[in-house]
Amino acid sequence: MLPTAPRRRAKPALVVKIPSETSYLALVRDLTKKMAETAGFPETTADRLALAVDEATTNVIEHAYKGAADQEIELRFEDRGPEFRVEIIDTGQMIDPRTVPRVDLERFVTERRTGGLGMHLMEKIMDSCTFRRSGRRNVCLLVKRKDSAPAA
Amino acid sequence: MSDLTVDTRDVEDVTVLYPRGFINAHTVRGFDTAIQKAVARRRFRIVVNCEGLTYIASAGLGAMMGAIEEIRASGGDLRMASLNETVHNIFEILGFNHLYKTFPSEAEAIASFREGGQAAS
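Residues numbered from 1 in each chain as written. Chains lettered and ligands numbered in written order. Predicted model: local features only at pLDDT ≥ 70, side-chain atom pairs only at ≥ 80, totals over all residues.

## Brief notes about the sheet that holds strand β2 (residues 72-79) of chain A
Residue and element names in this part refer to chain A.
Okay, so step 1: Taken in spatial order, the five strands make up an open sheet running β1-β2-β3-β5-β4, and their pairing is antiparallel. Unpaired on one side and paired on the other, β1 (14-19) and β4 (128-134) mark the two borders of the sheet. For this sheet the average axis-to-axis angle between neighbouring strands, irrespective of direction, equals 20°.
Okay, so step 2: Bridge count for β2 against strand β3 (residues 83-90) is six bridges, and the pairing is antiparallel. Along β3, the bridge assignment pairs arginine 76 with glutamate 87.
Okay, so step 3: Sitting on the sheet, helix α2 (residues 43-64) is in contact with β2, β3 and β5 (137-145), with an inclination near 15° to β3. (Pairing = 2+ DSSP bridges. Helix = DSSP H or I, 4+ residues; strand = E, 2+ residues; numbered from the N terminus. Axes fitted to C-alpha atoms, helices over the stretch in contact; angles between N-to-C directions. Contact = placed C-beta atoms within 7 Å.)

## Structural notes on the interface of chain B and chain A
Bring the parts together and some accessible area is lost; that lost area is often taken as the interface size.
Okay, so step 1: The interface of chain B with chain A comprises 23 residues on the first partner and 26 residues on the second.
Okay, so step 2: Residue contributions to the side of chain B that touches chain A peak at eight residues, all from helix α2 (residues 58-73) of chain B.
Okay, so step 3: Class assignment for the residues of the side of chain B that touches chain A results in 12 nonpolar, eight polar and three charged. (Nonpolar A, V, L, I, M, F, W, Y, C, P; charged D, E, K, R; others polar.)

## A word on the packing of helix α1 (residues 25-38) of chain A against α2(A)
Working note: a packed helix pair is described by the angle between its axes plus the distance between those axes.
Residue and element names in this part refer to chain A.
Okay, so step 1: Between α1 and α2, the least distance of the axes is 8 Å, while the angle of their chain directions is 140°. What the angle tells us is that α1 and α2 run oblique. Helix-helix and strand crossings are classified by hand; for α1 and α2 the assignment is right-handed. For the pair α1 and α2, contact is made by Leu25, Val28, Arg29, Thr32, Lys33, Ala36 and Glu37 and by Glu43, Thr45, Ala46, Asp47, Leu49, Ala50, Val53, Asp54, Thr57 and Thr58, respectively. (Parallel < 35°, antiparallel > 145°, perpendicular 65-115°, else oblique. Left-handed = near helix turned anticlockwise from the far one by under 90°.)

## Thoughts on the nonpolar core
Okay, so step 1: Within the largest apolar cluster, 71 residues are counted, with the highest numbers of intra-cluster contacts made by Ala52(A), Val53(A), Met122(A), Leu142(A) and Ile23(B).
Okay, so step 2: Apart from the residues lying within four places of it in its own chain, the contact partners of Val53(A) are Val28(A), Thr32(A), Val86(A), Ile88(A) and Leu142(A). (Core = buried A, V, L, I, M, F, W, Y, C linked by C-beta atoms within 7 Å. Buried ≥ 20, exposed ≤ 12 C-beta atoms within 10 Å, placed from the backbone.)

## A look at unusual backbone geometry
All names here are of chain B.
Okay, so step 1: For glutamate 12, which is not glycine, the phi dihedral falls at a positive 55°.
Okay, so step 2: Within the element layout of this structure, glutamate 12 appears in the loop between β1 (4-11) and β2 (14-23).
Okay, so step 3: Positive phi, normally seen in glycine, also occurs at serine 82, with a value near 60°.
Okay, so step 4: Relative to the assigned elements, serine 82 resides in the loop between β5 (77-81) and α3 (85-94).

## Things to note about the environment of Ser23(A)
Residues and elements named next belong to chain A.
Okay, so step 1: Note that serine 23 resides in the loop between β1 and α1.
Okay, so step 2: For serine 23, a count of 13 C-beta atoms within 10 Å translates into the label partly exposed.
Okay, so step 3: Separated by 12 residues in sequence, serine 23 and methionine 35 place their C-alpha atoms 20 Å apart.

## Quick word on the environment of Val28(A)
All names here are of chain A.
Okay, so step 1: Examined against the element boundaries, valine 28 turns out to sit in helix α1.
Okay, so step 2: Note on valine 28: 23 C-beta atoms within 10 Å, which makes it buried.
Okay, so step 3: In this structure, the C-alpha to C-alpha distance between valine 28 and aspartate 54, residues 26 residues apart in sequence, is 6.4 Å.

## Quick notes on the packing of helix α4 (residues 117-125) of chain A against α2(B)
Okay, so step 1: The interhelical angle for the contact between α4(A) and α2(B), taken along N-to-C directions, is 130°, at an axis separation of 9 Å. Between α4(A) and α2(B), the crossing angle belongs to the class labelled oblique. For α4(A) against α2(B), the interelement crossing comes out right-handed. Residue-level contacts link Leu117(A), Gly118(A) and Leu121(A) of α4(A) to Ser58(B), Leu61(B) and Gly62(B) of α2(B).
Okay, so step 2: Residues that form the contact of α4(A) with α2(B) fall into these classes: three nonpolar, three polar and no charged.

Treat this as a map of the structure, not an account of what it does.
So, in structure tokens, the structure goes:
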């Protein structure tokens, strides 16, 4: 029988549930920054990742739950070795990210548009930002590779 | 301690806003109100002194975008001073450093209105 290398077990995920209230965004930010730093990202990158998760959580509160404060948001942090993953999960209305208009800063000024900035930030900061429906749940998955360059 | 306070000070024809804390979807109303109050007083030359601002999310940037057209159409501008590294990075990521003039200090931002001056970055 051939010897087998010991299987490296993935670190367990940290799963947190918060009420759908904007007052919890500061906690989300602090927690994300701490988890990102623990995963090995420098403070500057950890700050950006915290902002991306803040924006994703804000989107859930404002759009999926339409401001209702009595719902629940699940955050799942995973350090998968080469990449850091955060899932933001809700049971509100599915928002198709393809319907969110992309940011054109000149048009923002002339048309007084203020929406879409959060999605734009998330896409700039993360390596990937995907949305899927899983049963009754909406799952936003944010991924940052540890070898990727910081956001421009 | 409040998550965000915004003090206001008039320096001749320039109004300086001092956000202290952080601006996100939870606290943005205080920042938006401070900008709107200045505009309502027809104070269109505005400097946001970011020395006490720890970070700003898109909600805060949206508040600035919502007011900038009226401010500029009225002959004024909204200029930024003393951005820390975190806030400066967010500006760069979004390209806001091309939309808003930023200065190392409040004094330089105020002086720029006198000189029609160029931004430092």
